[in-house]
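What follows is each chain in one-letter form.
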Amino acid sequence: MSEIREEALGFAEPEESVPLREPERQYYFMDRMRSLVAEKERELGRKLTMHVATFGCQMNAKDSEKLCGILSYIGYEETESEDADFVLYNTCTVRENANTRVYGRIGYLGACKKKHPGMRIALCGCMMQEKHVVEKLKKSYRFVDIVFGTHNIYELAELMYEREQTGKPVFRILEETKQVVEELPAVQKYAFKAGVNIMYGCNNFCSYCIVPYVRGRERSREAADIVKEVERLTANGVKEIMLLGQNVNSYGKTLAEPVSFAELLHRVSLVPGLRRLRFMTPHPKDLSDELIAEIAANETVCRHIHLPLQSGSSRVLQRMNRHYTKEQYLALVDRIRSRIPDVAITTDIIVGFPGEIEEDFQDTLSVVEQAGFLSAYTFLYSKRTGTPAAAMEDQVPAEVANERFQRLLQTVNRVASEQAEKAVGKTEEVLIEERNPENGLLTGRLSNGMLVHFPGDASRIGAIADVKLNECRGFYYLGTLVS
Ligand code: SAH
Ligand code: SF4
Ligand code: F3S
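Residues numbered from 1 in each chain as written. Chains lettered and ligands numbered in written order. Predicted model: local features only at pLDDT ≥ 70, side-chain atom pairs only at ≥ 80, totals over all residues. Heavy atoms only, no water.

Colleague: Would you explain the site of ligand 2 in this entry?
Modeller: Surrounding ligand 2, one finds Cys202, Asn204, Phe205, Cys206, Tyr208, Cys209, Val211, Pro212, Gln246, His283 and Arg322. For the shell around ligand 2, a count of residues per class yields seven nonpolar, three polar and one charged. (Near = heavy atom within 4 Å. Nonpolar A, V, L, I, M, F, W, Y, C, P; charged D, E, K, R; others polar.)

Written out as C-alpha cells, the structure reads:
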C-alpha cells in the first residue's frame, strides 16, 4: 500500500529528492544509510555488525525478520554478540516479566556503549507503544538512540538516518496506522519454513490483554497479496508456511470483498510446492464449522490446532471477555475431534485471574483432563496497566496463584504425556529442522507440532522424511529415520 507523506523532515536533506511514497521513500533512506555504513567500514577496516533480539510472539519474530532485512540491505552483518555496532531489541509487553527482562538487558547495553561509543541502540515493538515506558527511557536510559513502535517498523532506515544527521535520539511512536508497507527486504530465519502475516492488530479486548492497545485495530491483508507472498517463498524452497494473526478466525471480514479464513486457507494450500500449512491463533469463540471441514479435507493443513482456553471456568471466562463458556469450549473440542480424528489440540491457560477461586481453578483442571491437550502454555496472570482486569478488585494473592500454577503444571504434564504416548511405534512424516547441538541428533517436527530427535546426516535439514517414533520423552520423541 502506498500513501503520500506530508510532514517536513526533521533534519537537513534536499527535500525535493526524498520520495513521498512508500516503499520508494524507505529505499531512499536505506541507500543513504548504506553509503554511511560503507564509509564507516572503510574507516574501521572491517564490516559493521548488527544484533536483533526478539522478545515476543511469532508476529514479533516476523517483524524482526523484516528489520533484519533492512539492516542487511544497509550492509550490516548479523552477529550473535550483543556488543555489536547496531543493536535492536524488538520488545514484548504481554506479561510483566517480558517487560522487566528488557529493562535489565538495556542496562547491560548501556555498559557496552560506554566502551564502544560508536554503538547504536534501538528499541521497538509492543512495549514502546506504552507511554510510561517511553517516559522512563527518556529519563533514565538516555544512551538509547532510536525508539519506535509496532506501527512503523518499516521506517527503520529513515529513523537511523535521522539519528546520524541530527546526532540526537529519535523517538517515533505512532498511535495507529492505516498503512502497512510490505514491499521491503526481509531475511528469513529458516530456508524451509516461514511465517506470513495475514492480519495485524486485534479487536477482541480480552480483559487481561494489552495486545489490542499496543498493536491497534484489526486489519486484514488482501488474500491475493498473501498468496503472492507464499508463492514467492515456495519458489525459494520454503515447504512449510505458518499464517499469523491474533485471531485468524476474523480474517477477511473487513476487506472490500470479504474472504473467510477457511477460504484463505484453501487458496494458500493450492500454492505449488507448499507441503505444510499451519496457522496461529484461532479464537474459540468463532472457529467455524467451515474451517473444521476445510482442515479435515485438506491434507496440506497440519494436524494441529492451537486453541487458547485461558480458563475452564465459565464465570472467569465471562470476566475475561472471552465470549464462550466451559461447555461451549468442550463441545468445540468434540466437534473438532470427531471430524479431524488425528488432530492435536494445544492451548494457553492463565492462572490467578482476578476473582479466580478454587472452584474456578478446578474447572480449569477438569477441562485440561477432558480436552486432552497435547501441550499447554501456562501463564501466571500478569496485571497490565490500562486493561480492564487491572482495575478489578479481587486480585489473587501471589502465593495462591503460584500454588495453583504448580498443580496445573502437574495435570498438564500428565495429560500431555498420555496423549504423546499414543503415537509411540508409529511412523510419521517430519520436516527436518536442525541438528541438536547437545546430542548431535537431527530434530524434526511432526504435522501435529511435536518434535522428534533421531540420528541422521545434516544434509537432510530442510527435507521431509518418514521417522519411526520409538520412545516418548514427554515433550519430544526419540526416533529412527525410515526414508
Ligand atoms: N491472540 C492470541 C494470544 C495472544 S498472547 C489468543 O487470543 O489466544 C498469548 C497468550 O498470552 C495468551 O493466549 C494468554 O494466555 C497469555 N496472556 C495474555 N495476556 C496475559 C496476561 N495479562 N497475563 C498472563 N498471561 C497473558
Ligand atoms: Fe489478546 Fe484476546 Fe486479542 Fe488474543 S484475542 S491478542 S488474548 S485480546
Ligand atoms: Fe508480545 Fe506484542 Fe506479541 S505484546 S505477545 S510481542 S503482539
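Colleague: Whenever I open this one, the environment of aspartate 145 confuses me. Can you help?
Modeller: As for its position among the elements, aspartate 145 is in the loop between helix 4 (131-140) and strand 5 (146-148). Taking the relative accessible area as the measure of exposure, aspartate 145 reaches 2% and is therefore buried. Remark: the alpha-carbon pair of aspartate 145 and glutamate 13, spanning 132 residues in sequence, is separated by 20 Å. Non-local contacts of aspartate 145, meaning those with residues more than four positions away in its chain, are made with Lys113, Met119, Arg120, Ile121, Arg163, Lys168, Pro169 and Val170. In this structure the side chain of aspartate 145 is engaged in a polar contact, spanning 2.7 Å, whose partner is the backbone nitrogen of isoleucine 121. (Helix = DSSP H or I, 4+ residues; strand = E, 2+ residues; numbered from the N terminus. Buried < 20%, exposed > 50% of the residue type's maximum accessible area, 1.4 Å probe, protein only. Contact = heavy atoms within 4.5 Å. Polar contact = N/O pair within 3.5 Å; in protein donor to acceptor, adjacent residues only side chain to side chain.)

Colleague: When you look at the site of ligand 1 in this model, what are you seeing that I'm missing?
Modeller: Residues in contact with ligand 1 amount to 15 residues; listed here are only the nearest, Arg95, Gln246, Gln310, Asp348 and Ser382. Arginine 95 places a side-chain nitrogen or oxygen 2.9 Å from an oxygen atom of ligand 1. Taking glutamine 246, its side chain carries an N or O atom lying 2.8 Å from a nitrogen atom of ligand 1. If you list the elements that add at least two residues to the shell around ligand 1, you get strand 13 (344-351) and strand 14 (375-380). Residue composition of the shell around ligand 1, by class: seven nonpolar, four polar and four charged.

Colleague: What is the right way to read unusual backbone geometry from this model?
Modeller: Note: most residues except glycine have negative phi, and most peptide bonds are trans. The omega angle of the peptide bond from glutamate 22 to proline 23 is 5°, so this bond is cis rather than trans. In this structure, asparagine 321 is a non-glycine residue whose phi angle is positive, near 65°. If you trace the backbone, asparagine 321 turns up in the loop between helix 10 (314-319) and helix 11 (326-339). Judged by relative accessible area, which is 28%, asparagine 321 ranks as partly exposed.

Colleague: What's the story with the pairing of strand 11 (residues 276-280) in this structure? I'm lost.
Modeller: The two faces of a sheet get side chains in turn, since along a regular strand they alternate between them. Among the five residues of strand 11, five are classified as buried, and the element is accordingly described as predominantly covered. Of the two faces of strand 11, the one lined by Arg276, Arg278 and Met280 and the one lined by Leu277 and Phe279 are each fully buried. Regarding topology, helix 8 (residues 261-269) serves as the crossover connection from strand 10 (residues 240-244) to the parallel strand 11, and that connection is right-handed. (Right-handed = clockwise from strand over helix to strand, strands pointing away.)

Colleague: How should the pattern of salt bridges be read in this particular structure?
Modeller: Side chains that differ in sign of charge can pair as their charged atoms come close. Inspection of the entire model under this criterion finds 41 salt bridges. Between aspartate 289 and arginine 339 there is a salt bridge whose closest N-O contact spans 3.7 Å. Of this pair, aspartate 289 sits in helix 9 (residues 289-297) while arginine 339 sits in helix 11; the two residues are 50 residues apart in sequence, bridging distant segments of the chain. Accessibility expressed as a relative area gives 37% for aspartate 289, which makes it partly exposed. One connected set of salt bridges, linked through shared partners, spans Arg25, Glu155, Glu158, Glu162 and Arg172. (Salt bridge = Lys/Arg side-chain N within 4 Å of Asp/Glu carboxyl O.)

Colleague: Is there a simple way to explain helix 11 in this structure?
Modeller: The α-helix advances 3.6 residues per turn, and as a result positions three or four apart in sequence lie on the same side. Between its first and last C-alpha, helix 11 extends 20 Å over 14 residues, near the 20 Å set by a 1.5 Å rise per residue. Among the residues making up helix 11, those that are buried are Lys326, Tyr329, Leu330, Leu332, Val333 and Ile336. Burial along helix 11 is one-sided: seen end-on, the buried residues are contained in an arc of 155°. Summarising the geometry of helix 11, the exposed residues directed more than 90 degrees from the buried face are Glu327, Asp334 and Ser338. Contacts made by the buried residues of helix 11 are with helix 9, strand 12 (304-306), helix 10, strand 13 and helix 12 (358-371). (Expected span 1.5 Å × (residues − 1). Arc of directions from axis to C-beta.)

Colleague: Would you mind showing me how to read the sheet that holds strand 12 here?
Modeller: One open sheet accounts for three strands, arranged 12-13-14; its pairing is parallel. Both edges of this open sheet fall to strand 12 and strand 14, since each of them pairs with a single strand only. Averaged over all adjacent pairs, the angle separating strand axes in this sheet is 15°, with direction ignored. Here three bridges tie strand 12 to strand 13, and the two strands are oriented parallel to one another. (Pairing = 2+ DSSP bridges. Axes fitted to C-alpha atoms, helices over the stretch in contact; angles between N-to-C directions.)

Colleague: Would you mind going over the packing of aromatic side chains with me for this structure?
Modeller: Each aromatic ring pair is summarised here by two numbers: the centre-to-centre distance and the angle between the ring planes. Across all of its chains, the model carries 14 aromatic pairs by this definition. Ring centres 5.3 Å apart and planes at 80° place the aromatic pair phenylalanine 205 and tyrosine 213 in the edge-to-face group. On the basis of relative accessibility, which here comes to 28%, the residue phenylalanine 205 falls in the partly exposed class. Feature note: the residues Tyr28, Phe29 and Tyr161 constitute an aromatic cluster, connected by ring pairs. Across the ring face of tyrosine 103, the terminal group of lysine 136 is positioned such that the distance to the ring centre comes to 4.0 Å. Its end group placed over the ring of tyrosine 190, lysine 193 keeps NZ or CZ at 4.8 Å from the ring centre. (Phe/Tyr/Trp six-rings, centres within 6.5 Å; stacked < 30°, edge-to-face > 60°. Lys NZ or Arg CZ within 6 Å of the ring centre and 35° of its normal.)

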